[in-house]
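# Examining the three-dimensional arrangement
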Amino acid sequence: MDDLAVRTDSITKRYDQAVAVDNLSLDVKRGEFLSFLGPSGCGKTTTLRMIAGFVEPDGGTITVMGEDMTDRPPHQRNLGMVFQNYALFPHMTAFDNVAFGLKMRKVGSVERKRRVEQALELVELSAMRHRYPRQLSGGQQQRVALARAIVIEPYVLLLDEPLSNLDAKLRKAMQTELRDLQRRLDITAIYVTHDQEEAMTVSDRIVVMNQGRIMQIGTPGEVYRRPANEFVAGFIGQVNFVRGQLESAADGWTFAGDLGLVVHVAEDAVHAEARKAGVPVELAIRPEAIALRPRADATETKAAPPGVVIRAVYTGASTTYQVLLDGGQILQVLDQDRPDGHRWQEGDLVVIVLVPETVYVVPVAN
Amino acid sequence: MRGRGRFDTGGFLLRLYVALVALFLVSPIFIILLTSFTPSESVEFPPRGFSPMWYGRLVEHLDGSPGTKPGLTSSIVMSAQIGLVVAVVAVVVGVLVALALHKYVFPGKEVFRNLVLLPLMFPQLVIGVGLLLVFSEFRWFGFFERLVIGHVILTIPFVVLSVGASLEVSEQDLEEAAMGLGATPVQTFFLVTLPQIRQGIIAGAIFAFVTSFTQFTVTFFLYSGAVKPLPMWVYEIVVMSLDPLLAVISILLIALAVVVVFVLSKLVDVRRLFGGR
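Summarised in this report is the structure supplied together with it.

Thresholds, definitions, all that
- Residues numbered from 1 in each chain as written.
- Chains lettered and ligands numbered in written order.
- Predicted model: local features only at pLDDT ≥ 70, side-chain atom pairs only at ≥ 80, totals over all residues.
- Heavy atoms only, no water.
- Helix = DSSP H or I, 4+ residues; strand = E, 2+ residues; numbered from the N terminus.
- Rg over C-alpha atoms; globule rule 2.2 N^0.38 Å.
- Buried < 20%, exposed > 50% of the residue type's maximum accessible area, 1.4 Å probe, protein only.
- Contact = heavy atoms within 4.5 Å.
- Areas by Shrake-Rupley, 256 points an atom, 1.4 Å probe, with all protein chains shown as cover.
- Lys, Arg positive; Asp, Glu negative; His and termini not counted.
- Charge placed at Lys NZ, Arg CZ, Asp CG, Glu CD.
- Pairing = 2+ DSSP bridges.
- Axes fitted to C-alpha atoms, helices over the stretch in contact; angles between N-to-C directions.
- Core = buried A, V, L, I, M, F, W, Y, C linked by side-chain atoms within 4.5 Å.
- Salt bridge = Lys/Arg side-chain N within 4 Å of Asp/Glu carboxyl O.

What follows is about the overall build of chain B. Within chain B, the secondary structure is distributed over 13 helices and 0 strands. Along chain B, helices and strands appear, N-terminal first, in the series α-α-α-α-α-α-α-α-α-α-α-α-α. Radius of gyration (C-alpha) of chain B: 23 Å, far over the 19 Å computed for a compact globule of 277 residues. Overall size of chain B, expressed as C-alpha extent along the three principal axes, is 75 × 70 × 35 Å. The 277 residues of chain B split such that 38% are buried. A fraction of 68% describes how many contacts in chain B between residues 6 or more apart in sequence connect residues 24 or more apart. Here chain B has roughly 15600 Å² of accessible surface; of this, 71% comes from carbon and sulfur atoms. Each charge sign in chain B was given a centre, from 18 positive and 16 negative side chains, and these centres are 8 Å apart.

Have a look at this one:
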C-alpha cells in the first residue's frame, strides 16, 4: 500500500447513454511513469480528468497518496496538470505563470522566487522568465507549463497529450527530456497519448485502453511482445494475423495456420485465454519477425510458405515489403538495411521464415 | 485577362456606387457640421457665413449666463451619472448572464438568451411605456432609479454580446489550469477569467454608457423632476425652435462617439466582438 500513488477503484463515467469509462480499476505506483494509450474516445482523457477532479465519476473511488479524493474539488487535490494546448495564462509572464500555484499556496515571496527560478532553470527557460506566452515558441510554452505543474511539488503529474502540438523532431526531444526530468525529480506521472511510439518511449508501464476499458497493463516490452488480445497487438506497432488451430505438443504448442503455415511455439508464447479449448485463436506476427529467403535454395517446408514480393518501400534504415502468399494473404515484412545493400525487388519469388520466439498466439477479438 | 487600358465599366460603377452610399451616410453629419457654424439666429442651410458664435453660446449655456436656457450643465452631469451607474450595473449583470450562457447547459437556455437580447430588436417605445405603466401603478422607485433600470434593460445585450464574444475566444482550459494549481473558484474568476474578458467588459461598458447618455425614447417616458437628462434638455429646444445650438450639441456628441469608437478600436477587435454570439 505504501508505494501506491494513485488508485482508481471501479470508476465509471457515462455521458447520456454512452459509457466513456467502464468500471476502471488501476493502481499507479510511486515514482512510476504510466501512460494511458488508446484511440480517441477510448476514455483515457476522461480517466485522467476524473483523477484531476475536472470530471465527476458516476461511481467508484479515487485515492491519491492514501487520501480519498473522489469528492474533493480540483483545487484541493495537489496534482500538477499539463494540458495539450499548454493553457498558460496569457496575461502573465512565464515567471508569473510558474508562480501562480505557489501564490495560491501562500508561499512567501522570497521562497516563491527561489522555487520559481529553480523550476525555470530545470526546464532551461531562465532567460525567458519575463516573456509572455505569446512571445514563446510552442516548445517553450510547453516547458513553462511543465515548470508550472512541477513547482507546486504535486502528488502526481498529470499530462494530457502534452506534446501533440509540437512538430515531430521537437516531440522526440521533449519525450526524452520529460522522461529524464521525471526520473530526476522522482515524481509519479500519468501520461495520456494516442501515439503508441510515444507511450513506448516514455513509459514504465502502459495502460492500453479501448471503449472505456483496460485492454492490458504492462511494460512496453510486455504489451509489444505479449499483447493481451488482438486489439492490443494491432494498436501497438504493425502486426500480421494468421488464423489457425492450436494443438498441444511436446515442449509447447503447435500452431497450424490457415495458409499451411505450421509453427512450433513455446509455452509462454500462447496467451492464457488462447489455451482454452474452443477459443478461436490467431498468430500475431510482427513484420520484423519474418525473414524472406529466395525460393530456389530453400526447401519449401510447412514452416516456410511461398509467396511473391508485390511491394517494396525503402526508408533508409529498413525496407517494408508486402508479400502475397500463395494462400492469398498479404503479409507485412520489415527488413533492416543490410551491409551488402541487398533488397528484394517487386516480383521476387520468396519463402517466408518465422522467428518462432517472436510470435505470439492471441485469442481472436469478438 | 482584361485588355490593358480598356475601360472597366463594372469596376467604375461599383466604385461610384460605394462613393454615393458613403456620401449618403456622412452627408447629414456634414450638414450639421456646417450648420453649427452659422452666423444667423436660426438654423438655415446652406449657412450664410462662417462663425463660431454658437459654440460661444454653448459655453454661455454651460456657464448659465443670463438670457440662456438654464440647466444644460446639470443635465450633462445627470446624464453622465446615470450613464456611469448604468454601465456598472449592466456590466455586473451582463457578465453574469454571459458566463451562465457560456458555461452551463440548463433548460430554457435558448429562450433565456433570446429574452436577454430582445431589447436590441424590441421597439423602445414599448419598453418605455411598459416600464412607465408598471412603475406608476406600483409607485416604484424615484425617477433616477427608473431611468437606470430602463437603460440597463437596453444596454445589457451589448455587454452580454461583447463579453460572450470574449469568452468564446478565451481558452476553457485556463480555468481548469488555475484550479489544478490550487485556485478556488472565486480566485479563478478574478485572477484568470476576468482578465480574459477584460476587453469585452470595457467595450460593453462604453457602449452602455454612450447608449444611456444619448438615449431618448425610454428616457422620455421615465424622467420627471426639475433636472432633465441631456436628451430631454435638447428635446425642449427642438420643441421651441430649431436653434443652431442643437447642431453644436450634435457635433459634440458625434465627436464623443468618434473618440469612443477610436479608443475602442485601439482596445479591442470590434469586428470580432460582434462577429458571433
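Take the sheet that holds strand S14 (residues 281-285) of chain A next. Residue and element names in this part refer to chain A. Spatially, the 5 strands line up as an open sheet ordered S13-S12-S11-S14-S20, and their pairing is antiparallel. Taken across any chain shown, the strands that pair with only one partner, and hence form the sheet edges, are strand S13 (262-265) and strand S20 (360-363). Between one strand axis and the next, the sheet turns through 40 degrees on average, direction left out of account. Here 4 bridges tie strand S12 (residues 252-257) to S13, and the two strands are oriented antiparallel to one another. In the sheet register, Phe255 faces S13, and the bridge partner there is Val263.

Another point: the nonpolar core. Core analysis: the largest hydrophobic core is formed by 76 residues, its most contacted members being Phe89, Phe100, Leu157, Leu158 and Ile190 of chain A. Of the residues forming this core, the biggest block, 7 residues, is contributed by helix H2 (residues 94-104) of chain A. Not counting residues up to four positions away in its chain, the partners in contact with Phe89 of chain A are Asn97, Phe100, Pro133 and Arg148 of chain A together with Leu174, Ala177, Ala178, Leu181 and Val192 of chain B.

Moving on, we come to the pattern of salt bridges. Any two side chains of opposite charge can pair, so long as their charged atoms come close to each other. All names here are of chain A. Here the structure, examined in full by the defined rule, presents 25 salt bridges over all chains. Arg14 serves as the salt-bridge partner of Asp58, at 3.9 Å between the closest nitrogen and oxygen. Of this pair, Asp58 sits in the loop between helix H1 (44-52) and strand S4 (59-64) while Arg14 sits in strand S1 (residues 4-15), and the two are 44 residues apart along the sequence. According to the relative accessible area criterion, Asp58 is partly exposed, its value standing at 43%. Judged by relative accessible area, which is 44%, Arg14 ranks as partly exposed. The salt bridge involving Arg275 is made with Glu267; its shortest N-O contact spans 3.4 Å.

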